[in-house]
Amino acid sequence: MLNSELDIRLEPRIKELYQLHKERSANIDWSYHEFIPWDKAMSFKRVPWDESQVTLPEGVIIAVETALLTEVNLPWYTSHLDYTFKNSMEVINDFVRTWTAEEDQHSNLLETYLLVTRNVDPVRLHQLRKRVVESGWFPDFTNPLATMAYTSLQELATLVFYNNVAKVAGLYDKDLATLLRRVAKDEALHYAFYRDTVKAHLELDPNFIVYFEKVIINFSMPGAVMPDFNERMKTIAIDTNYGPLQYFDQVLDVVVKYWDIANLQPTSEEAKQSQANILKYHGRLKRIKDRQLGKNKS
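Conventions used here
Residues numbered from 1 in each chain as written. Predicted model: local features only at pLDDT ≥ 70, side-chain atom pairs only at ≥ 80, totals over all residues. Heavy atoms only, no water. Salt bridge = Lys/Arg side-chain N within 4 Å of Asp/Glu carboxyl O. Helix = DSSP H or I, 4+ residues; strand = E, 2+ residues; numbered from the N terminus. Buried < 20%, exposed > 50% of the residue type's maximum accessible area, 1.4 Å probe, protein only. Phe/Tyr/Trp six-rings, centres within 6.5 Å; stacked < 30°, edge-to-face > 60°. Lys NZ or Arg CZ within 6 Å of the ring centre and 35° of its normal.

1. Notes on the pattern of salt bridges
(1) Moving on: One pass over the structure, following the stated rule, counts 17 salt bridges.
(2) Moving on: Among the ionic pairs, R129 bridges to E111, the shortest N-O distance being 2.4 Å. Of this pair, R129 sits in helix α5 (residues 122–135) while E111 sits in helix α4 (residues 90–116), placing them 18 residues apart in sequence.
(3) Moving on: Classification of E111 as buried rests on a relative accessible area of 18%.
(4) Moving on: Note that K257 and D253 form a salt bridge whose closest N and O atoms lie 3.0 Å from each other. Residue K257 and its partner D253 are both found in helix α10 (residues 244–258); the two are separated by four residues, about one turn of the helix.

Okay, here's the thing in structure tokens:
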């Protein structure tokens, strides 16, 4: 009988994934102070902020600010992972602590960049940050396998977001493009661990797909708790090349193929239905994407 806990038979494999993660992470260890253009910094007491000091297009600023307001909720993400995996195997808890330490400087980097370059009103940013952290983050799932599926999608979506925004940002500020790509490297390593842990479970028993269905079909980014999130994402889709089409092509389609969901052979009827539902959802989004691309070409 399956349960939603991580399968203890996979502990050796997960230990291998964690060791691989630590080796890769050590090779690209970094500190956020290295990526800040400190030569642009001025005292806000000596030179108060003014809108005329902004140098980036609004869409790029919104994208970076949205990323920051997502990253600042790290305490809530860690709390959720700690609660979810508290009775799980030790290696998972070790990874969560490593993940937290590596994620910790992302918000520092993004906020410091925005302040040093004066591309945001510092008072407004402080108020937004406080409001977001006070709001917390409370997902509607708490079982370990669902969380593994969620973090796989979330880390890949974040990786794609940073790289796509970096392409546009580089036209205006190469320092910004560099720091966004640096954060994306962390997300890539985190994604690989979560993704391969999910794949190992599906290879061990395809019936585990039942725990991934709802997360895949109902996925939304944790940043959805921030003010004006939907309006922000509309701007980001238009101005910095990350929207529903990119989510399908560069996130959903990627994990569905990597986990080989179409070719799984579950034995339980519930798992077969979950597999069918995921593939139906994937197919529907693909048709929407194809229609949209057709409209764009015409």
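2. What about the packing of aromatic side chains?
(1) Moving on: Here the structure, examined in full by the defined rule, presents 14 aromatic pairs.
(2) Moving on: Where F161 meets Y162, the ring centres are 5.7 Å apart and the plane angle is 70°; that geometry is what we call edge-to-face. Comparing F161 with Y162 shows no difference in burial state: the two are buried.
(3) Moving on: Taken together, the aromatic side chains of Y77, W137, F141, Y150, F219 and Y247 make up a single cluster linked through ring pairs.
(4) Moving on: Over the aromatic face of F44 sits the side chain of R118, whose NZ or CZ is 4.2 Å from the ring centroid.
(5) Moving on: Against the face of Y258 rests R195, its NZ or CZ located 4.2 Å from the ring centre.

3. Considering the environment of N218
(1) Moving on: Position of N218 among the secondary structure elements: in the loop between α8 (213–217) and α9 (229–239).
(2) Moving on: Residue class for N218 comes out exposed when judged on its relative accessible area of 56%.
(3) Moving on: In this structure the C-alpha to C-alpha distance between N218 and E90, which are 128 residues apart in sequence, comes to 29 Å.

Scope: geometric values only; no functional claims are made or implied.
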